[in-house]
Amino acid sequence: MTAPTGFDRFLEEWLVEGPSELSDGAASRIVQAIDDSQRRPSWLPWRETMNRMMLAVGGVAAAIVLIVGGGMLVGWGTNGLLGGQPSPTATPTPAAITTHEAVFLRRDPSSDILVLGVDSRGREREITRLPNAWRLPISRLTPAPAGVISSTGLLAMAVNGPASGLVRWTIYDLLQPDDPPIIIPGFPQQDIDQLDYFLVTDRTGGDARPWWGPDDQLAIYWFERIPQGPSGSTPNHFVTFADGKTGEATSVDIPDDWAFRPYWAPDGSGVFTETTNGLRVLRPDGTLAAASDPLPEASCQPAPEEGSADPATGRMSFACVSPDDVLVVITSGNASFPTGSVRIQDSGEEFEVEGSFAGWLPADR
Amino acid sequence: MARSPVRGSVDTDLVERAGRKDKEAFTSLFYRFGDRLFAVAYRILRDRSRAEDAVQQTFLTAWRELPKLRDPQRFEAWLFTLLVNACRTEIRHVGRWQPGLRAVADIEAPVDDSQRNLAQRDELERAFRRLSLEQRTVVVLHHYMDLPADEIGRVLDLPAGTVRSRLHYARQQMRAAIEADSRPVASEGLA
């Protein structure tokens, strides 16, 4: 190509320096990863960061190990997170500690929705692709896809409905991405404009988002527009309760002046609702119960220091902390072009992600 | 200094078996090519753990995509293509947030520094880290793997002329960076 120069020789000698073989440990891990990839729905490219993360969350991690070892969180050890096969004689080890990946939904020009996981290094992996789920053009006039993930990896998401402009709620199992989605019945007239309100927020009123409760129960606030006069309409508000495993659903017609609060009662009996008589628990059968428990602490909090409101929409940024308290997602953008950043709490390192934040997916390291 | 070039004979039977999801055959391929890929990834990324990650991702992608490889003879070149993509993923995120001083801490101690002093190595390290991924890749494939431009072009899916041009500017840029670093006031700014 070119005649070697003094600089070239220096460069080549320098390049020869340094390791040229995988360590035995790394080779073993990769072979194991290849083996694991046959059993998992998709490979999680995490492993050696465990040591760093262990340092970062040392205290929390140690506590979790103790808890798991004590049998207080049996579910964590036996769920086979992301398809992993639990050992029948599993003992608590650092490798068994769970963490979470931030999940974002991103539309692409082909009308597919990409479900992306972002790890603690900012690396994206495609968890699954939802074909032809979002046929709207990408523009400021149309909302981006939005969804929420349960603690067991179920994604509730609004996708194209039976007619133009309408949506239907669908549940995808991200831990079993090959399973067919479940379509929740009972949204005959929810129009796509309502997703414009769909933000990660716990504020009262206005904003709406589906909310997962105990045992994969799902509550969705929405409204249909009742035609009134030649061109007007009035909204009729509902909360739909659905079983995330089966899709069985029932809708409760609620008065217009009630505000749906996106929290389930701790016993799973219903969702908190601000009524004209104060805070109550709205049950799936439409009855109200006293709200004996205080509202839980919000998992997402306004983050005004993160750039405050979007100038075009006035919407605030929100900071959402992962269940293991390791990562924070800062939401930004707007309903048409949502973005987020994933920040490692301990180090402050941050990664930008295009897409709407949908929640956290437990990952087996 | 010639490394193992991307043009050696490939056991096509092994590749075809691996393509049929024969795990044992695929593992054999890993043991055959893993070190070579790691050596290249390390030199591109200048970080052992990320190089290991890139190799891991390369083989996982290869396992998934191998059935689509039509010509088993191209396996090794194809593997390097996957590796470069994996390095791109690694470097993209590293470059986004890595503070300037971090890079110095990540530099592994030279295996043998008897012939060059540490200051010279640091200058070269800094100069190399200022290169783009594309530039780093051609530098490593040419000056470490000893591949000619046309073969690099096949791996990177680039015309040979583009490879030569990229290599020329990479070397020029490194020289300029080293000269700049040698001046009394030097900036950190590592990628």
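Preceding this section is the structure that the text describes.
First things first, this report covers the structure right here in the doc. (Residues numbered from 1 in each chain as written. Chains lettered and ligands numbered in written order. Predicted model: local features only at pLDDT ≥ 70, side-chain atom pairs only at ≥ 80, totals over all residues. Heavy atoms only, no water.)

Structural notes on the pattern of salt bridges
Applying the stated rule across the entire model yields 20 salt bridges over all chains. Residue Arg17 of chain B is joined to Asp22 of chain B by a salt bridge in which the shortest nitrogen-to-oxygen separation is 3.2 Å. Taking relative accessible area as the criterion, Arg17 of chain B reaches 26% and is therefore assigned partly exposed. Measuring nitrogen to oxygen at the nearest pair gives 3.4 Å for the salt bridge that ties Arg50 of chain B to Asp47 of chain B. We note that Arg50 of chain B, like Asp47 of chain B, is buried. Several salt bridges converge on common partners, so that one network encompasses Asp108, Asp112, Glu126 and Arg129 of chain A. (Salt bridge = Lys/Arg side-chain N within 4 Å of Asp/Glu carboxyl O. Buried < 20%, exposed > 50% of the residue type's maximum accessible area, 1.4 Å probe, protein only.)

Some thoughts on the sheet that holds strand 4 (residues 147-149) of chain A
Read from one edge to the other, the open sheet built from 4 strands follows the order 4-5-6-7 (chain A), with strand pairing classed as antiparallel. Each end of this open sheet is capped by a strand with a single partner; those strands are strand 4 and strand 7 (182-183) of chain A. (Pairing = 2+ DSSP bridges. Helix = DSSP H or I, 4+ residues; strand = E, 2+ residues; numbered from the N terminus.)

Considering the pairing of strand 3 (residues 124-130) of chain A
Residue and element names in this part refer to chain A. Pairing of strand 2 (residues 113-118) with strand 3, which is carried by 6 bridges, proceeds in the antiparallel orientation. In the strand pairing of strand 3, Gly117 is matched with Arg125. As consecutive antiparallel partners, strand 2 and strand 3 are separated by 5 residues, and within that stretch Gly122 has a phi angle of approximately 85°, a positive value.

Overview of the nonpolar core
Formed by 69 residues in total, the largest nonpolar core has its most connected members in Val55 and Phe75 of chain B. Look past the residues within four positions of Phe75 of chain B in its chain and what remains in contact with it is Val10, Val15, Leu29, Phe33, Leu66 and Leu69 of chain B. Formed by 17 residues, the second largest nonpolar core is a distinct cluster that contains Leu105, Ile113, Trp134 and Leu155 of chain A. (Core = buried A, V, L, I, M, F, W, Y, C linked by side-chain atoms within 4.5 Å. Contact = heavy atoms within 4.5 Å.)

Some remarks on unusual backbone geometry
One non-glycine residue, Asp215 of chain A, lies in the positive phi region at around 55°. The topology assignment puts Asp215 of chain A in the loop between strand 8 (211-212) and strand 9 (217-228). You will see that Asp146 of chain B, though not glycine, has its phi angle at about 65°, which is positive. Within the secondary structure layout, Asp146 of chain B lies in the loop between helix 7 (133-143) and helix 8 (149-156).

Note that all results are geometric; they support no functional claim without further evidence.
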